[in-house]
Amino acid sequence: MCIRDRSIGYADDTVLYIKSSDPEAAIETMNNIALPIAERWADEFGLEIAPEKTVAVLYTNKQNRKPDKNGKIRGSYDDPTPINFLGQEIEWSEQHKHLGVIMHKKLNYLPHIKSKISKAKSLIIRLKNCMGKIHGLRPRAALTMYHWSRSVITHGCLVWHREADKKTVIKRLRAFQSYGLRLLGCLRRSTPTAGLEILTHTPPLHLHVKELAAKSYLRTKGCEKYTEEEMSTSQDTKKGHRFAIKQWLNNTIHKAYPRDPDYSDMELDTITKQYIWDKQFYIDTYSWSCFNERKGVPRIDSDANIYTDGRKNETLDGLAGAGLAVWVPKTNRSGEYHIHKDKWHLNKSTVFQCEIYAIKKAAEWLHANWVNKNIKEAVINCDSQAAIKALQACITTSSLIKETVFSLNNIAQYIKVTIRWVKAHVDGSVAHKGNAMADTLANKGRDSPRGPRVPDIPKIPLSIVGSKLHQGMMALWKDEWELNLTSKWRHRQTKQWRPEPCAKKAKILLNLSLIHISEPTRPERISYSV
């Protein structure tokens, strides 16, 4: 027999749990060891524990001994003795709530889903009472209010997302979504839910739950209590919620992007929130101010002007590159000439990452050459305000930005470093020839996939994976709509003018001041353009 006791605490919500094959031994450990430690800890920090709000649950798939309808005793264990806590007996319960998620003793989350649907529906009823049959909110505002109500259900979906694969749960979620979408206006009772979803571009709720759970998995990766190796099992029925959503994530992305790798196994360019207060470099915000008459025009007022740029091919391959050009002033500062240039192929990085990467390389070049080039003051000119403002912010969740700030601070200890914004693509301008050279180098780096290998290439950002995940989910929705996988209706009329999900056409419909949504029987009579 093995007994393992652990504790999980968050704010005022604390759980003590014991893993054992003998319930009585686990209860004895809880009464004599775990609970006394919790009492002493509460007394030490001046906290009070309410025993009337304390719940005891025995998690097991086994059945307790009790007679069936024929009077025969069935089950494998007797009802355990109650737990004593602060002089009171804690009776055994079927379930308990932890951080807003109802945990059933069989680890069945159907009670949680029923409770959340009931609360979300009551919120919709209160919102619906504010409107009449012939007056109310605009359709887009009503849809936003439904999204608020929907968020009540999706809370903690990373834990219970596997329930959304069951037909009974899909039916409950679809019924709730049907009720919520009828906030949009005066609708016929016979309007199918799938038709409302396709008209308003609202994905089926079970797919929305899976998408949110997959994004939560990526966001919380590295924060799990147990590693994937510890949770690994060959039995499908015993696979955990994180392993299940990992498989769904990879399969869904491959639905839209068959050649892409498994992003769940890749290290992404996302870190826990970092606060960066110490910045020894200077950002010239006046360079893009509307009060600046020479806004976006480079100036020759330093020992070195470094121009950076990033480019990306928006076609199917999506290759990207970065470029850097170093210019120094002439003797009388009447002009400048370049002394160094470089380019990098950054595979499929985003344009934003290319801009940040080029600034990082500019800081590294300055650190390696400021002594022999006699540079005491340098200006890094960048044509991306988004990149400059990201470096200016005090909070970041990107490892690339954190590394770039570190490199800038490293060189700023020795020389004065300023970051300025310059206007891009000013053809024929002598002042912008440095930026034009950086742009040309970035294009060459983008178009040179066989060039030198970049050891510190930026990692894939979480936003890109989320976008591909959404496209995969939309592909699943399209299949459900075309094949009627979760609906008993064929939606023949609606499919004549909305054969697949289309956000643009749904936006036109939702922006109407008055709306009467139902599946049209004669699409040629629709007076507005879709």
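Residues numbered from 1 in each chain as written. Predicted model: local features only at pLDDT ≥ 70, side-chain atom pairs only at ≥ 80, totals over all residues. Heavy atoms only, no water.

Caption draft 1: Region of interest: the overall build of the protein chain. Helices and strands together make up the secondary structure of the protein chain, namely 16 helices and 16 strands. Against the compact-globule benchmark of 24 Å for 530 residues, the protein chain has a radius of gyration of 30 Å, which places it well outside the compact range. If one aligns the C-alpha atoms of the protein chain with their principal axes, the spans along those axes are about 105 × 70 × 45 Å. A buried classification covers 43% of the 530 residues belonging to the protein chain. At a minimum sequence separation of 6, the contacts of the protein chain that also span at least 24 residues come to 71%. Counting only carbon and sulfur atoms, one obtains 52% of the accessible surface of the protein chain, whose full area is about 30100 Å². Averaging the coordinates of the 83 positive side-chain charges in the protein chain and doing the same for the 56 negative ones gives two points 9 Å apart. (Helix = DSSP H or I, 4+ residues; strand = E, 2+ residues; numbered from the N terminus. Rg over C-alpha atoms; globule rule 2.2 N^0.38 Å. Buried < 20%, exposed > 50% of the residue type's maximum accessible area, 1.4 Å probe, protein only. Contact = heavy atoms within 4.5 Å. Areas by Shrake-Rupley, 256 points an atom, 1.4 Å probe, with all protein chains shown as cover. Lys, Arg positive; Asp, Glu negative; His and termini not counted. Charge placed at Lys NZ, Arg CZ, Asp CG, Glu CD.)

Caption draft 2: Examining empty space enclosed by the protein more closely. Counted under the stated rule, the structure contains one cavity of 30 Å³ or more. In this structure, the largest cavity occupies an estimated 70 Å³ of space. Considering the residues around the largest cavity, the lining is formed by Arg 174, Ala 194, Glu 197, Pro 204, Trp 477, Glu 480, Trp 481, Asn 484, Thr 486, Ser 487 and His 491. For the lining of the largest cavity, the secondary-structure elements that each account for two or more residues are α6 (193–200) and α14 (462–483). A per-element tally of the lining of the largest cavity places α14 first, with three residues. Of the residues assigned to the lining of the largest cavity, the class counts are four nonpolar, four polar and three charged. (1 Å grid on protein atoms, 1.4 Å probe; cavity = no way out; pocket = protein on both sides within 12 Å on 5 of 7 lines; lining within 4 Å. Points joined across faces, edges and corners; volume = space filled by probe spheres on them. Nonpolar A, V, L, I, M, F, W, Y, C, P; charged D, E, K, R; others polar.)

Caption draft 3: Spatial organisation of a nonpolar patch on the surface. Judged by side-chain polarity, Trp 41, Phe 45 and Leu 47 come together as a nonpolar surface patch covering roughly 330 Å² of accessible area. Secondary-structure assignment places Phe 45 in the loop between α1 (23–44) and β3 (66–67). (Patch = residues over 30% accessible without salt bridge, like charges linked within 9 Å, V, L, I, M, F, W, Y side chains within 5 Å. Salt bridge = Lys/Arg side-chain N within 4 Å of Asp/Glu carboxyl O.)

Caption draft 4: How the structure looks around helix α13 (residues 433–446). Here α13 contains 14 residues, and its C-alpha end-to-end distance of 20 Å stays within 8% of the 20 Å for a straight helix at 1.5 Å per residue. All buried positions along α13 are accounted for by Gly 434, Asn 435, Ala 438, Asp 439, Leu 441, Ala 442, Asn 443, Gly 445 and Arg 446. Contacts from the buried residues of α13 go to β11 (304–312), β12 (320–329) and β13 (336–345). (Expected span 1.5 Å × (residues − 1).)

Caption draft 5: A look at the sheet that holds strand β10 (residues 282–283). The strand order across the open sheet built from six strands is β10-β16-β14-β11-β12-β13, with neighbouring strands paired in mixed fashion. Here the strands that pair on one side only, and so sit at the sheet edges, are β10 and β13. Running at roughly 140° to strand β16 (residues 416–421), helix α11 (residues 385–392) makes contact with β10, β14 (377–382) and β16 of the sheet. Together, β11, β12 and β13 form the strand contacts of α13, whose direction differs from that of β12 by roughly 150°. (Pairing = 2+ DSSP bridges. Axes fitted to C-alpha atoms, helices over the stretch in contact; angles between N-to-C directions.)

Caption draft 6: Highlighting the layout of surface pockets. Of the voids in this model, the second largest pocket is the one considered here, and its volume is about 780 Å³. If you go around the second largest pocket, you meet 28 residues; those closest to its centre are Asp 260, Tyr 263, Asp 317, Lys 348 and Lys 468. No other element matches the three residues that α14 contributes to the lining of the second largest pocket.

Caption draft 7: Quick peek at the packing of aromatic side chains. On inspection of all chains with the given rule, the structure shows five aromatic pairs. Seen in terms of ring centroids, Trp 41 and Phe 45 are 5.7 Å apart; in terms of plane orientation they differ by 50°. Their pairing is tilted. A relative accessible area of 44% means that Trp 41 is categorised as partly exposed. Here Tyr 146 and Phe 176 contribute two aromatic rings whose centre-to-centre distance is 5.8 Å and whose plane-to-plane angle is 35°, an arrangement assigned as tilted. Of this pair, Tyr 146 sits in helix α3 (residues 139–154) while Phe 176 sits in helix α5 (residues 167–181); the two residues are 30 residues apart in sequence, bridging distant segments of the chain. Judged by its relative accessible area of 0%, Tyr 146 is buried. (Phe/Tyr/Trp six-rings, centres within 6.5 Å; stacked < 30°, edge-to-face > 60°.)

Caption draft 8: View of the environment of Leu 346. Relative to the helices and strands, Leu 346 resides in the loop between β13 and α10 (351–369). The buried category is assigned to Leu 346, whose relative accessible area is 0%. Each C-alpha atom of the pair Leu 346 and Arg 446 lies 7.0 Å from the other, and the pair is 100 residues apart in sequence. Not counting the four nearest positions on each side in its chain, Leu 346 is found in contact with Ala 320, Gly 321, Ala 322, Cys 354, Tyr 357, Val 454, Ile 457 and Pro 458.

Caption draft 9: Structural context of the confidence of the model for the protein chain. For the protein chain, mean pLDDT is 87; residues scoring 70 or higher make up 94% of the total. Of the regions scoring below 50 in pLDDT, residues 514–530 engages in 36 contacts with residues more than four places distant in sequence or in other chains. (pLDDT = per-residue confidence, 0-100.)

Caption draft 10: Broad picture of the nonpolar core. Ranked by size, the top nonpolar core spans 41 residues in total, and within it Leu 391, Leu 408 and Ile 419 carry the most contacts. Of all the elements in the fold, those that place two or more residues in this core are β11, β12, α10, β14, α11, α12 (399–412) and β16. Leaving out residues up to four positions away in the same chain, Ile 419 has contacts with Phe 281, Tyr 282, Ile 283, Asp 284, Ile 359, Ile 380, Ile 388, Leu 391 and Leu 408. (Core = buried A, V, L, I, M, F, W, Y, C linked by side-chain atoms within 4.5 Å.)

Caption draft 11: Up close: the state of the cysteines. Under the definition given, this model contains zero disulfides. For Cys 354, which is in no disulfide, the shortest distance to another cysteine sulfur is to Cys 382 and amounts to 11 Å. By relative accessible area, Cys 354 is classed as buried at 0%. (Disulfide = S-S within 2.5 Å.)

Caption draft 12: Representation of the packing of helix α2 (residues 110–128) against α3 within the structure. At a closest axis distance of 8 Å, the pairing of α2 and α3 adopts a crossing angle of 160°. Considering their axes alone, α2 and α3 lie roughly antiparallel with respect to each other. By crossing handedness, the relation of α2 to α3 is classed as right-handed. Residues Lys 116, Ile 117, Lys 119, Ala 120, Leu 123, Ile 124 and Leu 127 of α2 form the contact with α3, whose participating residues are Met 145, Tyr 146, Ser 149, Val 152 and Ile 153. (Parallel < 35°, antiparallel > 145°, perpendicular 65-115°, else oblique. Left-handed = near helix turned anticlockwise from the far one by under 90°.)

Caption draft 13: Region of interest: the pattern of salt bridges. Overall, the coordinates contain 22 salt bridges when judged by the stated rule. The salt bridge partner of Asp 456 is Lys 361, with a shortest N-O separation of 3.3 Å. Of the two residues, Asp 456 is situated in the loop between α13 and α14 and Lys 361 in helix α10; the sequence distance between them amounts to 95 residues. Using a relative accessible area of 23% as the deciding quantity, one classes Asp 456 as partly exposed. Overlapping salt bridges bring together Lys 360, Lys 361, Glu 364, Glu 403 and Asp 456 as one network.

Caption draft 14: Structural context of unusual backbone geometry. A positive phi is found at Leu 86, a non-glycine position, where the angle reads about 55°. Tracing the sequence through the fold places Leu 86 in the loop between β5 (83–85) and β6 (88–90).

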